[in-house]
Amino acid sequence: MSEHHAGGCLCGAVRFETREKPDVVVGCHCSQCRRQTGLYYASADVPVSALTITGEENLRWYQSSDEARRGFCSQCGSALFWQRLGGPAMSILAGAFDEPNGLRFGYHIFCADKGDFYEIPDGVPQYAGRS
C-alpha cells in the first residue's frame, strides 16, 4: 500500500519521508534498546527503498552489534533508526513520526530482558526473544 509518512528528530536537523505504510509498531525490550532510549524501543519498519532522509549530514550511525546499527541526530541526540546490516528494512522510532500517523502496536520482543521497573500492559502479543 502506497502512503506518505514523514517525521524527524527533536530539533528538525534530520527529517525522513516514507512512500509506503510503516509496518506495525514493535516494542523491543532488549538491554541495548533500553539503554539507548531509557525504556524500550518502539519502532515500525519501512523498506529502505521507500525511505528518503534529509539532513543526512546530521545523522550519525553507531554499530551496536555485529548484526545492526543505530542512527541518531548528532545535533539533538534523538534516536531515530535501527537497521540490520545489509537488511532491506529500516526500523524507525514510532515517536519520530509526525502525527497523525495511524501507527498501531503489533507485538513486543525480548520481553525476557525487559527492565524490572515496568510492566507491559497493552494486551498485544509478547515474545521472550525475537518474534
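Residues numbered from 1 in each chain as written. Predicted model: local features only at pLDDT ≥ 70, side-chain atom pairs only at ≥ 80, totals over all residues. Heavy atoms only, no water.

(A) Summary view of the overall build of the protein chain. Of regular secondary structure, the protein chain possesses 1 helix and 10 strands. Helices (α) and strands (β) of the protein chain occur, in sequence order from the N terminus, as β-β-β-α-β-β-β-β-β-β-β. The C-alpha radius of gyration of the protein chain comes to 14 Å, within 12% of the 14 Å expected for a compact globule of 131 residues. Expressed along its principal axes, the backbone C-alpha trace of the protein chain runs to roughly 35 × 30 × 25 Å. Split into buried and exposed, the 131 residues of the protein chain put 42% on the buried side. Counted over contacts in the protein chain with a minimum sequence separation of 6, partners at least 24 positions apart contribute 52%. If you sum the accessible surface of the protein chain, you get close to 7,300 Å²; carbon and sulfur atoms cover 49% of it. Seen as two clouds, the 12 positive and the 15 negative side-chain charges of the protein chain have centres 3 Å apart. (Helix = DSSP H or I, 4+ residues; strand = E, 2+ residues; numbered from the N terminus. Rg over C-alpha atoms; globule rule 2.2 N^0.38 Å. Buried < 20%, exposed > 50% of the residue type's maximum accessible area, 1.4 Å probe, protein only. Contact = heavy atoms within 4.5 Å. Areas by Shrake-Rupley, 256 points an atom, 1.4 Å probe, with all protein chains shown as cover. Lys, Arg positive; Asp, Glu negative; His and termini not counted. Charge placed at Lys NZ, Arg CZ, Asp CG, Glu CD.)

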